[in-house]
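So the chains spell out like this:
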Amino acid sequence: MEILLLACLIASPGTCRTERIGFDDAAPPLACTLRGQSVVATWSESHPKWRVERWRCAPAGMGGTDV
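Read on for a plain summary of the structure. (Residues numbered from 1 in each chain as written. Predicted model: local features only at pLDDT ≥ 70, side-chain atom pairs only at ≥ 80, totals over all residues. Heavy atoms only, no water.)

## Some points on the environment of A7
Rule in force here: Here a strand is any run of E in DSSP of at least two residues, a helix any run of H or I of at least four, and the numbering for each starts at the N terminus. Buried residues are those whose accessible area, probed at 1.4 Å on protein chains only, stays under 20% of the maximum for their type, while exposed residues exceed 50% and partly exposed ones sit between those limits. Should any heavy atoms of two residues lie within 4.5 Å, those residues are counted as being in contact.
Mapping A7 onto the fold places it in strand β1 (residues 2-9). Classification of A7 by relative accessible area gives buried; the value is 0%. Note: C-alpha distance between A7 and K49 (42 residues apart in sequence) is 9.6 Å. If we ignore the near neighbours within four places in the chain, the residues touching A7 are T15, C16, R17, W43, W50, R51 and V52.

Below is the structure:
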């Protein structure tokens, strides 16, 4: 599993990027959904110039770029 998130620059909201965060490959999708919020919060804290618009869990390598 991996977490796909859409993050936009706070200073330039039109500048956005998709980030992929690895998650336990053996974890079921529900585990990613339940623990994903804390993973996204940690990412957000370490990237203070970016704001997370939305996120989702997806199978590793299969999520495309659509968040």
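And the narrative resumes.
## Points about the packing of aromatic side chains
Threshold: Note on ring pairs: Phe, Tyr and Trp rings are taken, using the six-membered ring of Trp, and paired if centres are within 6.5 Å. Classes follow the plane angle, with under 30 degrees stacked, over 60 edge-to-face and the rest tilted. By the criterion adopted, a ring carries a charge over it if an Arg CZ or a Lys NZ lies within 6 Å of its centre and within 35 degrees of its normal.
Considering all chains together, one arrives at zero aromatic pairs under this definition. Across from the ring centre of W50, 4.0 Å away, lies the NZ or CZ of R17, which sits over that ring.

From the geometry alone we can't say anything about function, so treat these as descriptive.
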